[in-house]
Amino acid sequence: MKKFPRKYGLHLEYPIGTVRYSINIDEVFKSASVIKLPIFLYGFNYAKDLDELVEVSPEDIVDGSGVLQTLVTQTRSFSVRDLHVLMIVVSDNTATNLLIKRYGFKRLNSYLQHLGMTKSKLGREMRDHKAIAEERDNIVCVRDMVACLRAMVSSPAFYDMLHILEKQQFQDKIPAGVNNENFVFFNKTGELDDIEHDVGLFVYRGQIGLFVGLTEGDNSLGREFLHEFGHMFNEL
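Residues numbered from 1 in each chain as written. Predicted model: local features only at pLDDT ≥ 70, side-chain atom pairs only at ≥ 80, totals over all residues. Heavy atoms only, no water.

**Q** A description of the overall build of the protein should follow, citing residues and the corresponding values.
**A** For the protein, the count of helices and strands is nine helices and nine strands. In terms of C-alpha radius of gyration, the protein reaches 17 Å, essentially the compact-globule figure of 18 Å for 236 residues. Expressed as a percentage of its 236 residues, the buried residues of the protein come to 53%. When the accessible surface of the protein is split by element, carbon and sulfur atoms take 48% of a total near 10,800 Å². The positive charge centre, built from 27 side chains, and the negative charge centre, built from 32, are 4 Å apart in the protein. (Helix = DSSP H or I, 4+ residues; strand = E, 2+ residues; numbered from the N terminus. Rg over C-alpha atoms; globule rule 2.2 N^0.38 Å. Buried < 20%, exposed > 50% of the residue type's maximum accessible area, 1.4 Å probe, protein only. Areas by Shrake-Rupley, 256 points an atom, 1.4 Å probe, with all protein chains shown as cover. Lys, Arg positive; Asp, Glu negative; His and termini not counted. Charge placed at Lys NZ, Arg CZ, Asp CG, Glu CD.)

The structure is reproduced here in structure tokens:
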């Protein structure tokens with residue numbers, strides 16, 4: 001692979017437990033939306049509240065990715081499961097913030113540590129410009145995202161979560177670099193200015209693999225770099 005001009009971290013396992021490529025796995029990055037994966041895992045593993053209803057009002061809406069900003073013109077109720085689906089499938093920021101409020105920063109950060117995500121931190125809600133200005137941010141590293149993915153695979157709710165991840169609508173990074181229709185991807189992307197990430201699982205020839213790609217630098221170069229990482233899958 002060509003060397004990325006700024007900071008990056010990559011990891012590929014296929015099948016899970018067999019490392020095919022790994023570099024810079026302890027470099028810390030702003031998480032963008034990939035921090036939503038451990039929130040998703042917490043909700044399906046521990047919260048046991050997926051069928052409860054949550055009222056969502058126009059005052060809850062934040063900008064950025066998602067559909068609740070269009071759907072909620074007056075107060076409506078959604079199940080907790082609905083909020084998780086929206087958070088993963090369309091990366092809905094409002095749904096994410098409602099889940100963060102429901103579970104709490106302290107509980108979610110304790111869960112990150114429980115997963116072995118020792119360098120990661122949930123420092124703010126989505127689109128919290130005041131927190132960003134105060135340099136309170138969400139951070140992850142490759143090693144920690146690998147721990148999250150491994151925990152997901154071993155979860156009793158694995159297939160339920162996999163069904164949702166399969167509907168994730170953003171597959172224009174690492175999956176776009178794989179030229180083999182026999183791969184099925186279950187991933188979560190993230191992007192900010194100078195941040196391009198792609199994290200997830202895949203199934204190929206009946207076995208499960210995992211991958212993490214984190215980049216900090218020019219966005220177009222980051223996407224191109226992740227595409228190139230995807231080319232490596234063609235050699236499996």
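**Q** Talk me through the packing of helix H1 (residues 36-47) against helix H7 (residues 142-153); I want residue IDs and the actual numbers.
**A** Between H1 and H7, whose axes approach to 10 Å, the crossing angle comes to 30 degrees. In this view, H1 runs roughly parallel relative to H7, as classed from their interaxial angle. The chirality of how H1 crosses H7 is left-handed. Each of Leu 37, Pro 38, Phe 40 and Leu 41 in H1 lies in contact with H7, whose residues at this interface are Met 145, Cys 148, Leu 149, Ala 151 and Met 152. Grouping the amino acids of the contact of H1 with H7 by side-chain chemistry returns nine nonpolar, no polar and no charged. (Axes fitted to C-alpha atoms, helices over the stretch in contact; angles between N-to-C directions. Parallel < 35°, antiparallel > 145°, perpendicular 65-115°, else oblique. Left-handed = near helix turned anticlockwise from the far one by under 90°. Contact = heavy atoms within 4.5 Å. Nonpolar A, V, L, I, M, F, W, Y, C, P; charged D, E, K, R; others polar.)

**Q** Can you lay out the packing of helix H3 (residues 80-89) against helix H8 (residues 158-165) for me, pointing to particular residues and giving the numbers?
**A** Interaxial distance between H3 and H8 falls to 9 Å at its minimum, and their mutual angle equals 50 degrees. By the angle class used here, H3 and H8 are oblique. Residues Arg 81, Val 85, Ile 88 and Val 89 of H3 form the contact with H8, whose participating residues are Asp 160, Ile 164 and Leu 165. Split into classes, the residues belonging to the contact of H3 with H8 amount to five nonpolar, no polar and two charged.

**Q** Mind laying out the sheet that holds strand E9 (residues 207-216), listing which residues take part and the relevant values?
**A** Spatial ordering of the open sheet is given by E2-E1-E9-E8-E7, a layout of five strands whose pairing is antiparallel. Strands with a single pairing partner mark the edges of an open sheet, and in this sheet they are strand E2 (19-23) and strand E7 (184-192). Averaged over all neighbouring strand pairs, the angle between strand axes comes to 5 degrees, with direction disregarded. The pairing of strand E1 (residues 7-13) with E2 spans four bridges and is antiparallel. Within E2, the position partnered with Glu 13 by the bridge is Val 19. Of the strands in this sheet, E1, strand E8 (195-204) and E9 are in contact with H7, which crosses E9 at around 155 degrees. (Pairing = 2+ DSSP bridges.)

**Q** Describe the nonpolar core, with residues and values.
**A** Ranked by size, the top nonpolar core spans 56 residues in total, and within it Leu 37, Phe 40 and Met 152 carry the most contacts. At eight residues, H7 tops the list of elements feeding residues into this core. Residues in contact with Leu 37, not counting those within four places in the same chain, are Ile 88, Met 145, Cys 148, Leu 149, Met 152, Leu 165, Lys 188 and Val 199. Tyr 8, Tyr 14, Val 178 and Tyr 204 belong to the second largest nonpolar core, which has 18 residues in total. (Core = buried A, V, L, I, M, F, W, Y, C linked by side-chain atoms within 4.5 Å.)

**Q** Can you lay out the side chain of Asn 219 for me, pointing to particular residues and giving the numbers?
**A** Counting through the fold element by element, Asn 219 comes out in helix H9 (residues 219-231). Judged by its relative accessible area of 18%, Asn 219 falls in the buried class. Among the polar contacts listed, one links the side chain of Asn 219 to the backbone oxygen of Ile 195, at a separation of 3.2 Å. (Polar contact = N/O pair within 3.5 Å; in protein donor to acceptor, adjacent residues only side chain to side chain.)

**Q** A description of the environment of Glu 196 should follow, citing residues and the corresponding values.
**A** With respect to the helices and strands, the residue Glu 196 is situated in strand E8. In this structure Glu 196 comes out as buried when scored by relative accessible area, which is 2%. Residues Glu 196 and Ala 131 lie 65 residues apart in sequence; the distance between their C-alpha atoms is 21 Å. Those residues in contact with Glu 196 that lie beyond four places of it in its chain are Lys 173, Gly 190, Glu 191, Gly 213, Leu 214, Thr 215, Asn 219, Gly 222, Arg 223 and Leu 226. Polar contacts involving the side chain of Glu 196 include one to the side chain of Asn 219, which spans 2.9 Å. Polar contacts involving the side chain of Glu 196 include one to the side chain of Arg 223, which spans 2.7 Å.

**Q** A description of the packing of aromatic side chains should follow, citing residues and the corresponding values.
**A** The geometry of an aromatic ring pair is captured by two quantities: the separation of the ring centres and the angle between the planes. Summed over all chains, the structure comprises 23 aromatic pairs. For the ring pair Phe 211 and Phe 233, a centre distance of 5.7 Å and an interplane angle of 75 degrees mean the geometry is edge-to-face. With Phe 211 in strand E9 and Phe 233 in the segment after H9, this residue pair connects regions lying 22 residues apart in the sequence. Just as Phe 211 is buried, Phe 233 falls in that class too. Three or more aromatic residues joined by ring pairs make a cluster, and in this case those are Tyr 14, Tyr 21, Phe 183, Phe 185, Phe 202, Tyr 204, Phe 211, Phe 229 and Phe 233. One residue, Lys 7, lies across the ring of Phe 29, its end atom 4.9 Å from the ring centre. (Phe/Tyr/Trp six-rings, centres within 6.5 Å; stacked < 30°, edge-to-face > 60°. Lys NZ or Arg CZ within 6 Å of the ring centre and 35° of its normal.)

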